[in-house]
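Listed here are the chains, written in short residue letters.
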Amino acid sequence: MSTVRTATTGRIHSWDLSTGVDGPGTRFVLFVSGCPLRCLYCANPDTWHMRDGREATVDEVMREIEKYRAFITTAGGGVTVTGGEPLLQSAFTGEILRRCKEAGLHTALDTSGFLGARATDELLADTDLVLLDIKSFDVNTYRKLTGGELAPTLNFATRLDRLGVPMWIRYVLVPGWTDDLASVDALARFVSGLGAVERVDVLPFHKLGASKYEALDVPFPLQDTPGPAPALIESVRACFKEHGVPAF
């Protein structure tokens, strides 16, 4: 059994309300600060460093969530902890998930899985849904795209499946990077073997975060990369569907 670790304070970037993109229903989305990866298509470079966030207590976060309880529960939603990478602050994230669970709120964890080993069994027991970003199924592409290694994410996915934690897989489709259909097919085969996976969301690459790079005076690596064509998006979705995995 894992040791329970709690933290009453953490560093956060912001919070927001969203519908349809961060889990089921309308969600209170908490963006925590800090991320170990540097994905070339990252839309939130302003969440990379913990030092750029502000300190917040779990009580403060919960008070804010309570303001929207009626709204998010009526809309069939809940609370999603994202980032950055929420497992970089696993104790803080775990305490928020625990408090939300105790409050009867649906909980979701949006993670790359790169730091999945930091998620205790208790944290995952308080998580109703994991939004797992699998950036690429090719080891070399994953390393070039993120600066990290693929294996921890796959190990985490297997562990979630063993524990029976529901997953929505997220796959960002980037022309020239993650559009190789052989690699997509291999990922689809892997995902189809995980009974806890409920769906795959194929997310077309976009440049909505480009202005943030400009504000930070940081070059946007994929500035000249176009968004994927509709036909390519459908081909990738079809790849997952062929393996019996719902894809959207």
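So, here is what we can say about the structure in this document.

Rules used throughout
Once a new chain begins, its residue numbering starts again from 1 and follows that chain's sequence as written. Local features in this predicted model are restricted to residues whose pLDDT is 70 or higher, and side-chain atom pairs enter the listing and the counts only when it is 80 or higher, whereas totals over whole chains, interfaces and linings include all residues. Calculated side-chain values reflect all of the structure's heavy atoms, with hydrogen atoms and water omitted. We count a stretch as a helix when DSSP gives it H or I for four or more residues in a row; a strand needs E for two or more, and each element gets its number in order from the N terminus. For the radius of gyration, the atoms used are the C-alpha atoms, and the globule rule reads 2.2 Å times the number of residues raised to 0.38. Partly exposed describes any residue whose relative accessible area lies between the buried limit of under 20% and the exposed limit of over 50%, with all areas from a 1.4 Å probe on protein chains only and scaled to the type maximum. Contact criterion: two residues are considered in contact whenever any of their non-hydrogen atoms come within 4.5 Å of each other. In this tally, Lys and Arg are treated as positive and Asp and Glu as negative; His is ignored, and so are the chain termini. Note on charges: their place is set at NZ of Lys, CZ of Arg, CG of Asp or CD of Glu. Salt bridges, as used here, are contacts in which a Lys or Arg side-chain nitrogen is within 4 Å of a carboxyl oxygen on Asp or Glu. Any two strands between which DSSP finds at least two bridges are classified as paired. Crossovers are marked right-handed if the path from the first strand over the helix to the second runs clockwise, as seen with the strands pointing away from the viewer. Planes of paired rings set the category: under 30 degrees apart is stacked, over 60 is edge-to-face and the rest tilted, where pairs are Phe, Tyr or Trp rings (Trp by its six-membered ring) whose centres lie within 6.5 Å. Working definition: a disulfide is two cysteine sulfur atoms within 2.5 Å of each other. Orientation is described by axes fitted as lines to C-alpha atoms, over the contacting stretch for helices, and by angles from 0 to 180 degrees between their N-to-C directions. Should an angle fall under 35 degrees it is taken as roughly parallel, and over 145 as roughly antiparallel, whereas 65 to 115 is taken as roughly perpendicular and any remaining angle as oblique. Crossing handedness: left-handed means the near helix sits turned counterclockwise from the far one by under a right angle, and right-handed means the same turn made clockwise. Helices are assigned an expected span. That span is 1.5 Å times one less than the residue count.

The helix and strand inventory of the protein chain stands at nine helices and eight strands. A compact globule built from 248 residues would reach a C-alpha radius of gyration of about 18 Å, and the protein chain, at 17 Å, matches this within 12%. Expressed along its principal axes, the backbone C-alpha trace of the protein chain runs to roughly 45 × 45 × 35 Å. Expressed as a percentage of the 248 residues in the protein chain, the buried residues total 52%. Long-range contacts, defined here as pairs at least 24 residues apart, represent 73% of the contacts in the protein chain between residues at least 6 apart. Positive and negative side-chain charges of the protein chain, numbering 25 and 31 respectively, have mean locations separated by a distance of 2 Å.

Following the criterion strictly, the structure yields 15 salt bridges and no others. For E64, the salt bridge goes to K67, with nearest N and O atoms at 3.1 Å. Residue E64 and its partner K67 are both found in helix α1 (residues 58–67); the two are separated by three residues, about one turn of the helix. According to the relative accessible area criterion, E64 is buried, its value standing at 13%. Residue E66 pairs with R69 through a salt bridge whose shortest N-O separation is 3.1 Å.

Looking at chain direction, strand β7 (residues 167–173) and strand β8 (residues 197–204) are connected through seven bridges and run parallel. Counted as the bridge partner of R170 is D201 from β8. Regarding topology, helix α7 (residues 181–192) serves as the crossover connection from β7 to the parallel β8, and that connection is right-handed.

With the rule as written, the count across this model stands at six aromatic pairs. Taken together, a centroid distance of 6.0 Å and an interplanar angle of 80 degrees make the contact between W48 and Y213 edge-to-face. Here the residue W48 occupies a position in the loop between β2 (26–32) and β3 (54–57), and Y213 occupies one in helix α8 (residues 210–216), the gap between them amounting to 165 residues. Just as W48 is buried, Y213 falls in that class too. Put simply, the rings of W15, F28 and Y68 touch in pairs and so form one group of aromatic residues.

What follows covers the state of the cysteines. This structure, assessed with the given rule, holds zero disulfides. No disulfide involves C39; its sulfur sits 6.3 Å from the nearest other cysteine sulfur, which is in C35.

Across the interface, α1 lies against helix α3 (residues 90–102) with an axial gap of 10 Å and an inter-helix angle of 40 degrees. One way to sum up the angle between α1 and α3 is to call them oblique. Handedness of the crossing formed by α1 with α3: right-handed. When α1 is examined against α3, the residues V58, D59, V61, M62 and I65 are found in contact with a partner set consisting of F92, E95, I96, R99 and C100.

A few words on helix α9 (residues 230–242). Because an α-helix packs 3.6 residues into every turn, residues spaced three or four apart end up facing the same way. Compared with an ideal rise of 1.5 Å per residue, which puts 13 residues at 18 Å, α9 spans 18 Å between its outermost C-alpha atoms and is within 8% of the ideal. The inward-facing, buried residues of α9 abut β7, α7 and β8. Just beyond α9, the residue with positive phi is G244, at close to 80 degrees.

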